[in-house]
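Inside the fold
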Amino acid sequence: IGAVAKQALAQEGMLVGAHILQIADIKEENFNPLGIEDKTVAELAAKEEKYREKFDYVTARAVARLNTLSEYCMPFVKKGGTFVSMKGPGAEEELLEGKKAIEILGGDNLSIIKENLPMDNTRFFITAKKTKNTPEKYPRASAKINKSPL
């Protein structure tokens, strides 16, 4: 999804979190099939000042439930920016389940966009606008996020 967003938005630079690369079992040297020259792959934590609340758009595919995934992603979105999560058929249920987490993390104005992709693949994109800064205590440690999602 990051490479697609990069092409679509024609951004000057893009950051891909190493944690997401590990989940997807993607090697850094294989990340760049489109020849994107200005990508930055960094090991990062959302608590690092140089990355926290700096990005207009943060995207993620369906690697976790929305209430878990949002805690990893929302701290990177700057106020006025947008978090976009690609989801499958259970998107409406996940939106209801994840609404509280998004609000705790500074998001609002949630919506679902349905897209019919090639080969009869329907995907949903849940979007949340960042209206407040994420409290400093987030994200919590991964074990805590997974054990007790917001």
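Structural notes, computed from the coordinates. (Residues numbered from 1 in each chain as written. Predicted model: local features only at pLDDT ≥ 70, side-chain atom pairs only at ≥ 80, totals over all residues. Heavy atoms only, no water.)

1. Describing the pairing of strand 5 (residues 107-117)
Pairing of strand 5 with strand 6 (residues 121-130) involves nine bridges; the strand directions are antiparallel. Bridging across to strand 6, S111 finds its partner in T127. If you look at the hairpin formed by strand 5 and strand 6, you'll find three residues sitting between the two strands, and M119 has a positive phi there, around 65°. (Pairing = 2+ DSSP bridges. Helix = DSSP H or I, 4+ residues; strand = E, 2+ residues; numbered from the N terminus.)

2. Quick look at the nonpolar core
With 20 residues, the main nonpolar core has V58, C73, M74 and F83 as its most contacted residues. For this core, the elements supplying multiple residues, two or more each, are strand 3 (55-60), helix 3 (66-73), strand 4 (77-87), helix 4 (91-104) and strand 6. Here this core gets four residues from one element, more than from any other, and that element is helix 4. Each residue touching V58, except ones within four places of it in the same chain, is listed here: C73, F76, V77, T82, F83 and V84. (Core = buried A, V, L, I, M, F, W, Y, C linked by side-chain atoms within 4.5 Å. Buried < 20%, exposed > 50% of the residue type's maximum accessible area, 1.4 Å probe, protein only. Contact = heavy atoms within 4.5 Å.)

3. Considering helix 4
Along its 14 residues, helix 4 runs 20 Å from first to last C-alpha, staying within 8% of the 20 Å computed at 1.5 Å per residue. Residue G98 marks the point of greatest curvature in helix 4, where the axis turns by about 45°. Those residues of helix 4 not exposed but buried are A91, E94, L95, G98, A101 and I102. Looking one or two places after helix 4, you find G106, whose phi comes out positive at around 105°. (Expected span 1.5 Å × (residues − 1). Bend = angle between axes of the 7 residues up to and from the residue.)

4. Things to note about unusual backbone geometry
With an omega of 0°, the peptide bond running from Y138 to P139 counts as cis. For P139, the location among the structural elements is in the loop between strand 6 and helix 5 (142-147). The backbone of E53 sits at a positive phi, close to 55°, despite the residue not being glycine. Along the chain, the position of E53 falls in the loop between strand 2 (39-42) and strand 3. The exposure class assigned to E53 is buried, which follows from its relative accessible area of 18%.

5. Some details on the pattern of salt bridges
For the structure on display, the rule yields nine salt bridges. Put simply, R65 and E97 hold a salt bridge, and the shortest N to O gap is 3.0 Å. Remark: E97 occurs in helix 4 and R65 occurs in the loop between strand 3 and helix 3; sequence separation between them is 32 residues. The class for R65 is partly exposed, based on a relative accessible area of 33%. Linking E94 and K87 is a salt bridge whose minimum nitrogen-to-oxygen distance equals 2.9 Å. (Salt bridge = Lys/Arg side-chain N within 4 Å of Asp/Glu carboxyl O.)

6. What about the environment of N146?
If you trace the backbone, N146 turns up in helix 5. As a C-alpha pair, N146 and N67 span 79 residues in sequence and 9.8 Å in three-dimensional space.

7. Here's the deal with the environment of F125
Within the secondary structure, F125 sits in strand 6. Assessed through its relative accessible area of 17%, F125 is described here as buried.

8. Comments concerning the sheet that holds strand 5
Within the open sheet, the four strands sit side by side as 3-4-6-5. Their pairing is mixed. The sheet is open, and its two borders are formed by strand 3 and strand 5, each paired with just one other strand. Recorded for the sheet is a direction-independent mean angle of 20° between the axes of neighbouring strands. Pairing of strand 3 with strand 4, which is carried by five bridges, proceeds in the parallel orientation. Residue A60 lies in a different strand from strand 4, and its bridge partner there is S85. Here helix 3 sits on the sheet in contact with strand 3, strand 4 and strand 6, set at roughly 140° to strand 4. (Axes fitted to C-alpha atoms, helices over the stretch in contact; angles between N-to-C directions.)

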